[in-house]
Amino acid sequence: MKRLFLSLSLAALLLDVTAQERKAPAYPLLTHDPYFSVWSFSDKVNSAPTKHWTGSNQSLSGLLKVDGKVYRFLGGQEENFLTVLPASDEKAYTVKYSEATPASGWEKEGFADAAWKTGTAPFGDGQATTQWKTKDLWVRRTFNLTKTDFNNLKLKIMHDDDVEVYLNGKSIYSCECFNGKFINVSVDNKLLKKGQNTLAIHVRNNTGGQWLDAGLIYEKPVVAMQNVLVAKQKDVKISATQTTYSFDCGNVDLDLNFLSPLLMDDLDLLARPVSYVTFKLKAKDGKSHKAEVFFGASTDLAVNTSAQEVAAKASKSNGLSILQAGTTAQPMLKKSGDDVKIDWGYVYVAAPDNLGARQYITGAENAQQGFVTGIAGALAAGRAGLSSAKAKAATSAAAKNTGARTTKDLQDAVFTAAAAGKASQTGKKLVLSTIIPVTLNGDAVAEKTLLIGYDDLYSIQYFGQNLRPWWNNKGDQTIEGQLKLADDQFTSVLAKATAFDESYHAANLKAGGEHYAELSDLSYRQAIAAHKLLKSPDGEILFMSKENFSNGSINTVDITYPSAPMFLVYNPDLLKGMMNGIFYYSESGKWKKPFAAHDLGTYPLANGQTYGEDMPVEEAGNMVILAAAIAKAEGNADYAKKHWATLTTWAEYLSKEGLDPANQLCTDDFAGHLARNANLSVKAIVALGGYGMLAEKLGHQDIATKYKAMSKEMAQKWMGLADAGDHYALTFDNKNTWSQKYNLVWDKVLQLGIFPKEVYKKEIDFYLKKQNKYGLPLDSRKTYTKSDWIMWTATLADNEADFQKFIDPIYKYALETPTRVPLSDWHETTDGKQVGFQARSVVAGYAIKLLDTKLNSK
């Protein structure tokens with residue numbers, strides 16, 4: 001499996017800040033599900049564009065105008081690119097191509113390619129227009145230019161795998177790598193010439209998927225807004241459901257709060273796809289001030305690529321002024337994959353009428369200019385949506401009919417006319433813009449709140465049936481209704497969220513200390529927003545994960561397993577929602593093997609396993625352990641009873657194949673196949689003990705006795721097989737190795753009593769000698785690690801001091817990693833760099849210590 005994207009490293013922002021200034025690798029802003037998930041990848045939220053968790057720009061922008069000055073407090077200026085030579089996401093194009101090795105000089109101008117085939121890009125497998133199935137592909141594309149003075153010329157390319165690119169015979173890019181989306185590579189524009197030019201590319205597929213698509217673009221600088229100042233960011237705070245920034249804007253202090261109320265005890269609220277953005281302003285000098293807040297949301301929130309055409313419109317509903325946008329094509333559930341964003345459904349920005357807000361729609365290049373430059377910008381914004389005649393008429397009418405005597409009056413009138421005249425607009429990279437007037441008096445705090453929502457219409461395809469989101473399961477709700485409900489409930493929702501944030505931090509502080517609590521705060525929204533909440537056709541809860549930047553699978557069992565602890569603490573029904581689809585897959589007869597499937601497909605298509613290889617012991621063990629954990633958390637085995645026959649099949653398989661596993665993958669599949677895996681064996685043993693516990697709760701005493709005894713006998717055998725003196729080995733046949741035995745944690749948390757506590761102690765003492773600057777390596781093969789597994793390993797410690805010795809390096813990693821992306825669970829312990837994965841749900845596994853504290857504290 002291809003695990004490491006070139007685009008990850010390109011998306012990472014390496015900022016010159018100290019660890020003390022940083023609170024996170026990236027900061028959650030709008031977090032609801034794998035598609036509706038916007039982050040700041042920088043410590044200062046006004047220094048760079050905000051992004052989707054994948055690293056693609058999804059720009060939110062904010063400006064404050066007060067005392068004749070304009071301050072930028074949210075987002076940075078996006079680069080503005082225009083096309084020299086289109087890639088296929090903009091316009092279909094044809095090239096000459098060969099799958100056979102060409103003669104030398106194939107990359108040069110004038111090469112005789114008449115015998116080559118002609119094909120339409122993109123080339124590749126899957127949804128490619130021209131199917132390319134061989135190992136190598138050579139393409140040549142000729143094009144004519146009348147000018148060559150393009151500023152900041154770039155190659156725009158998506159390739160899988162290795163590639164070499166030539167422009168007029170000169171090498172401009174080569175890489176033994178692949179990427180899952182377009183990247184931009186700087187090119188010397190002197191290589192272009194007037195008349196005919198040639199772009200020649202050789203791409204090679206090494207393994208897995210294959211792809212090629214390329215074009216040329218250049219940067220058109222956005223007209224400088226010299227009068228815009230950068231607000232001084234004084235602080236940022238992250239709690240479970242909120243991120244709050246504080247700014248100094250001259251005579252005014254501004255607080256910016258993002259609230260995504262993902263409260264697990266209220267599934268209707270958790271599923272409501274609406275976040276709040278609140279602006280709090282206060283005069284520092286105690287005087288009166290007239291101010292305005294500009295907020296812009298790019299329509300990139302509703303596209304997979306920025307080249308897709310969108311339609312936007314304004315409307316009124318239930319006391320709200322609403323802007324909405326979505327692609328014109330609306331390809332419902334047509335795309336699946338990892339580095340893929342939603343391009344169906346609609347993004348919404350809603351302003352309560354009592355704000356007195358003005359809303360308008362423009363192209364990205366004009367969105368802020370009207371606000372910054374006054375009347376000239378207002379007219380420019382108006383012209384973006386009105387014909388020149390209508391704009392002129394609107395301006396004239398504004399001046400004559402409204403009695404406008406000041407620039408401000410005229411600006412207001414023009415914005416009103418422009419907004420009325422362009423209730424809808426079609427184009428690319430539009431911005432949904434809102435301007436909120438604010439009056440500041442004395443020491444009073446002015447508070448204004450906007451709502452941002454996303455209606456995906458249909459969320460997941462589940463065994464051939466398209467499912468609506470939880471909040472509209474029956475198809476009788478509207479997003480306008482959800483926005484109204486969110487507005488009406490804002491005060492109570494904010495109070496509930498704030499109370500939860502405080503209690504959540506306090507609980508984690510008590511369980512694991514300050515660093516543990518801060519890591520828990522950081523991971524909370526990420527963990528939940530990597531799922532989608534729905535109901536199955538049979539009415540069962542489905543809480544379906546996406547394997548973010550690990551292969552895009554949906555409802556992966558070995559993602560559910562590490563994610564489980566937080567949901568066991570706060571709502572086991574959500575864990576059931578992560579397991580129900582897997583049970584259905586087996587119990588429906590669609591999956592016929594005696595162990596659990598790895599996944600249900602590739603997000604968002606849950607039509608059956610698409611991962612290329614099974615993980616028999618891994619997934620069977622995971623499902624049985626988690627069924628036992630639910631029983632422990634709920635105090636009954638009702639859920640296990642419902643699936644008893646299936647659990648029995650899996651337990652019987654583990655009893656035969658689990659003690660000494662054959663050569664196979666486990667959840668750490670990036671590390672490769674492994675036979676006689678000691679940690680995987682622990683999983684099987686603990687699962688059998690858990691099955692015995694379940695049997696006892698269900699009154700099957702003979703089965704309980706059998707399996708509890710079996711697990712303890714296996715544990716004794718395991719201790720002999722894995723013993724390597726001062727520790728236990730990675731594999732039974734190589735005592736010069738070691739690994740984290742994180743699967744042991746369930747023996748402790750569930751109080752199964754299978755392994756002697758001396759086993760935990762021996763391992764902990766050994767691990768403490770193996771730590772690096774940024775944590776304990778996963779095992780002796782490499783220096784990389786998984787932070788969720790370190791948390792599990794740390795929970796085996798029998799004292800607080802040892803626990804902290806494992807937690808502190810993870811905390812240090814979160815503050816110091818040079819890879820600025822939503823928290824990665826797979827990183828190097830030597831330098832703190834991300835190895836792969838980001839924004840995954842498995843960070844919910846950090847709650848294992850909290851779960852142990854809840855279940856077992858006396």
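Residues numbered from 1 in each chain as written. Predicted model: local features only at pLDDT ≥ 70, side-chain atom pairs only at ≥ 80, totals over all residues. Heavy atoms only, no water.

Below, the discussion takes up the overall build of the protein chain. Counting secondary structure elements, the protein chain contains 21 helices and 38 strands. Overall size of the protein chain, expressed as C-alpha extent along the three principal axes, is 90 × 75 × 50 Å. The buried share among the 858 residues of the protein chain stands at 62%. Contacts in the protein chain between residues at least 24 apart in sequence constitute 74% of all its contacts with a sequence separation of at least 6. For the protein chain, the separation between the mean place of its 96 positive charges and that of its 94 negative charges on side chains is 5 Å. (Helix = DSSP H or I, 4+ residues; strand = E, 2+ residues; numbered from the N terminus. Buried < 20%, exposed > 50% of the residue type's maximum accessible area, 1.4 Å probe, protein only. Contact = heavy atoms within 4.5 Å. Lys, Arg positive; Asp, Glu negative; His and termini not counted. Charge placed at Lys NZ, Arg CZ, Asp CG, Glu CD.)

A few words on the side chain of Ser-260. For Ser-260, the location among the structural elements is in the loop between β21 (252–259) and α2 (267–271). With relative accessibility at 0%, the residue Ser-260 sits in the buried group.

Our focus in this paragraph is helix α14 (residues 644–657). Taking 1.5 Å per residue, 14 residues should reach 20 Å; α14 reaches 20 Å between its end C-alpha atoms and fits that length. Buried within α14 we find Trp-644, Thr-646, Leu-647, Thr-648, Trp-650, Ala-651, Tyr-653 and Leu-654. In this structure, the buried side of α14 is in contact with α11 (572–587), α12 (616–634), α13 (638–642), α15 (678–697) and α16 (701–722). (Expected span 1.5 Å × (residues − 1).)

Tallying each qualifying case throughout the model produces one disulfide. Across a sulfur-sulfur distance of 2.0 Å, Cys-175 and Cys-177 are joined as a disulfide pair. The sign of the 135° torsion about the S-S bond sets the Cys-175-Cys-177 disulfide as right-handed. Of the two residues, Cys-175 and Cys-177, both sit in the buried class. (Disulfide = S-S within 2.5 Å.)

What follows concerns the packing of aromatic side chains. Under the defined criterion, the tally for this structure stands at 49 aromatic pairs. Look at Tyr-35 and Trp-344: their rings are 5.6 Å apart centre to centre, the planes differ by 80°, and that puts the pair in the edge-to-face class. Highlighted residues: Tyr-35 in the loop between β1 (27–31) and β2 (37–40) and Trp-344 in the loop between β25 (320–327) and β26 (346–352), separated in sequence by 309 residues. Neither Tyr-35 nor Trp-344 differs from the other in exposure class; each is buried. Between the aromatic rings of Phe-500 and Tyr-504, the centroid separation amounts to 5.4 Å while the plane-to-plane angle is 25°, which identifies the pairing as stacked. Here the residue Phe-500 and the residue Tyr-504 both occupy positions in helix α8 (residues 490–512), the gap between them amounting to four residues, near one helical turn. Given a relative accessible area of 14%, Phe-500 falls into the buried group. Taken together, the ring pairs connect Tyr-462, Phe-463, Tyr-584, Tyr-585, Trp-591, Phe-595 and Tyr-653 into an aromatic cluster. Above the ring of Tyr-93, the side-chain terminus of Arg-141 is found at 3.5 Å from the ring centroid. Looking at Arg-840, its charged tip hangs above the ring of Phe-837, at a distance of 3.8 Å from the centre. (Phe/Tyr/Trp six-rings, centres within 6.5 Å; stacked < 30°, edge-to-face > 60°. Lys NZ or Arg CZ within 6 Å of the ring centre and 35° of its normal.)

This next bit is on the pairing of strand β22 (residues 274–283). Counting buried positions along β22 yields eight of 10 residues, so the element is predominantly enclosed. Pairing analysis gives eight bridges linking β21 to β22, with the strands arranged antiparallel. Its bridge partner lying in β22, Phe-258 is registered against Val-277. Sheet analysis places β22 next to strand β30 (residues 445–455), joined by nine bridges and oriented antiparallel. For Leu-281, the partnering residue across the bridge sits in β30 and is Ala-446. (Pairing = 2+ DSSP bridges.)

The next thing to look at is the packing of helix α10 (residues 557–570) against helix α21 (residues 848–856). Two quantities define a packed helix pair, namely the angle between the axes and the distance from one axis to the other. Where α10 meets α21, the closest approach of the two axes is 8 Å, and the angle between their N-to-C directions is 35°. In the packing of α10 onto α21, the handedness of the crossing is left-handed. Packed against α10, whose contacting residues are Pro-565, Leu-568, Val-569 and Tyr-570, the element α21 presents Ile-848, Leu-850, Leu-851 and Lys-854 at the interface. Within the contact of α10 with α21, the residues separate by chemical class into seven nonpolar, no polar and one charged. (Axes fitted to C-alpha atoms, helices over the stretch in contact; angles between N-to-C directions. Left-handed = near helix turned anticlockwise from the far one by under 90°. Nonpolar A, V, L, I, M, F, W, Y, C, P; charged D, E, K, R; others polar.)

We now examine the sheet that holds strand β18 (residues 228–230). Reading across the sheet, the six strands line up as β18-β5-β4-β23-β29-β27 and stay open at both edges, with mixed pairing between neighbours. The sheet is open, and its two borders are formed by β18 and β27 (358–363), each paired with just one other strand. Neighbour to neighbour, the strand axes of the sheet diverge by 25° on average, direction disregarded. Pairing of β27 with strand β29 (residues 430–440), which is carried by six bridges, proceeds in the antiparallel orientation. Looking at the pairing, Ile-361 lines up with Leu-432 of β29.

A separate point is the sheet that holds strand β38 (residues 834–836). Across the sheet, which stays open at both edges, the three strands sit in the order β36-β37-β38 with antiparallel pairing between neighbours. Pairing within the sheet leaves two strands with one partner each, and these edge strands are β36 (784–786) and β38. The mean inter-strand angle of the sheet, taken between neighbouring strand axes irrespective of direction, is 35°. In terms of strand pairing, strand β37 (residues 826–828) meets β38 through two bridges, oriented antiparallel. The residue of β38 that forms the bridge with Trp-826 is Gly-836. Across the face of the sheet, helix α19 (residues 787–794) comes into contact with β36 and β37 while running at roughly 70° to β36.

Note that Ala-637 resides in the loop between α12 and α13. Distance in space between the C-alpha atoms of Ala-637 and Met-693 is 9.3 Å, their sequence separation being 56 residues. Those residues in contact with Ala-637 that lie beyond four places of it in its chain are Ala-631, Leu-694, Lys-697 and Leu-698.

Before going further, it helps to examine the confidence of the model for the protein chain. In low-pLDDT segments, the atomic positions of the prediction should not be examined closely. Taken over all residues, the pLDDT of the protein chain has a mean of 92, while the share at 70 or more is 91%. Considering only residues more than four positions removed or in separate chains, one finds that residues 1–20, a stretch of pLDDT under 50, has 67 contacts. Low pLDDT, under 50, characterises residues 397–407; the predicted model gives this stretch 12 contacts beyond four residues in sequence or across chains. (pLDDT = per-residue confidence, 0-100.)

Turning our eyes to something else, we now look at the nonpolar core. Ranked by size, the top nonpolar core spans 210 residues in total, and within it Phe-279, Trp-718, Trp-746 and Phe-755 carry the most contacts. Examining the composition of this core, we find that 12 residues originate from one element, α15, more than from any other. Within the second largest apolar cluster, 34 residues are counted, among which are Trp-132, Val-139, Val-163 and Ile-201. (Core = buried A, V, L, I, M, F, W, Y, C linked by side-chain atoms within 4.5 Å.)

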